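# Summary of structural features
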Amino acid sequence: MSDDVLERWLVEAASVLGVEAPDAAARAEVLDLARDVAHNVARPGAPLTAFLLGVAVGRGADLQRMREELSRLATRSE
């Protein structure tokens, strides 16, 4: 998917949801978390964890701090 297609998708999806499209830094945070969860927990956990992160951020949690904590949790050694 090209950057233009992704950008258009995010703008349209955000409009439907009545929220602002994420900036590049926020997208990177979410994609980093999704990668960590998909590779270290389970692939289906990536979108579900991103959803949980979005709910938490929507309730006022700090995106970067929560992403760091969840990534640490996903990549901890068993």
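Here the structure is a predicted model, which means the values were calculated and not measured. All residue numbers refer to position in the chain's written sequence, counted from 1. With the structure being a predicted model, the display of local features is reserved for residues of pLDDT at least 70 and the display and counting of side-chain atom pairs for 80 or more, all residues being used for whole-chain, interface and lining totals. As a rule here, side-chain values come from all non-hydrogen atoms in the structure, and water together with hydrogens is ignored.

### Digging into helix 4 (residues 63-75)
Count 3.6 residues to each turn of an α-helix, and residues three or four apart come out pointing the same way. Per the convention used, a helix needs a DSSP run of H or I reaching at least four residues, while a strand needs a run of E reaching at least two, with both numbered from the N terminus. Multiplying 1.5 Å by the helix residue count minus one yields the expected span of that helix. With 13 residues, helix 4 should cover 18 Å at 1.5 Å per step; its first-to-last C-alpha distance of 18 Å lies within 8% of that length. The buried label applies to any residue whose accessible area, calculated with a 1.4 Å probe on protein chains only, is under 20% of its type's maximum; exposed applies above 50%, and partly exposed to all values in between. Among the residues making up helix 4, those that are buried are Leu63, Met66, Arg67, Ser71 and Ala74. Buried positions in helix 4, seen along its axis, are confined to an arc of 130° and lie on one side of it. Looking at the buried positions of helix 4, the neighbouring elements they touch are helix 2 (24-40) and helix 3 (45-58). Pairs of N or O atoms are called polar contacts if they sit within 3.5 Å, as long as, within protein, a hydrogen donor faces a hydrogen acceptor (for residues adjacent in sequence, only side-chain-to-side-chain pairs). The N-cap residue of helix 4 is Asp62: its side-chain oxygen and the backbone nitrogen of Gln64 are 3.4 Å apart. Each C-beta atom gives one direction from the helix axis, and the arc is the one those directions make. When checking whether two residues touch, look at their non-hydrogen atoms; a contact exists if any pair is within 4.5 Å.

### Structural notes on the packing of helix 2 against helix 4
Interaxial angles span 0 to 180 degrees and are taken between N-to-C directions of axes, which are lines fitted to C-alpha atoms, for helices over the stretch in contact. Contact geometry of helix 2 with helix 4 gives a least axis separation of 9 Å together with a crossing angle of 15°. In terms of orientation, helix 2 and helix 4 fall into the roughly parallel class. The two elements helix 2 and helix 4 cross, and the hand of that crossing is left-handed. Facing helix 2, whose interface residues are Ala26, Glu29, Val30, Asp32, Leu33, Asp36, Val37 and Asn40, helix 4 presents Leu63, Gln64, Arg67, Leu70, Ser71, Ala74 and Thr75. Split into classes, the residues belonging to the contact of helix 2 with helix 4 amount to seven nonpolar, four polar and four charged. For classification purposes, an angle smaller than 35 degrees is called roughly parallel, one larger than 145 roughly antiparallel, one from 65 to 115 roughly perpendicular, and anything else oblique. If you view the pair so one helix is near and one far, a crossing is left-handed when the near helix is turned anticlockwise from the far one by less than a right angle, and right-handed when it is turned clockwise. Side-chain classes are defined by residue name, with Ala, Val, Leu, Ile, Met, Phe, Trp, Tyr, Cys and Pro counting as nonpolar, Asp, Glu, Lys and Arg as charged, and the others, Gly among them, as polar.

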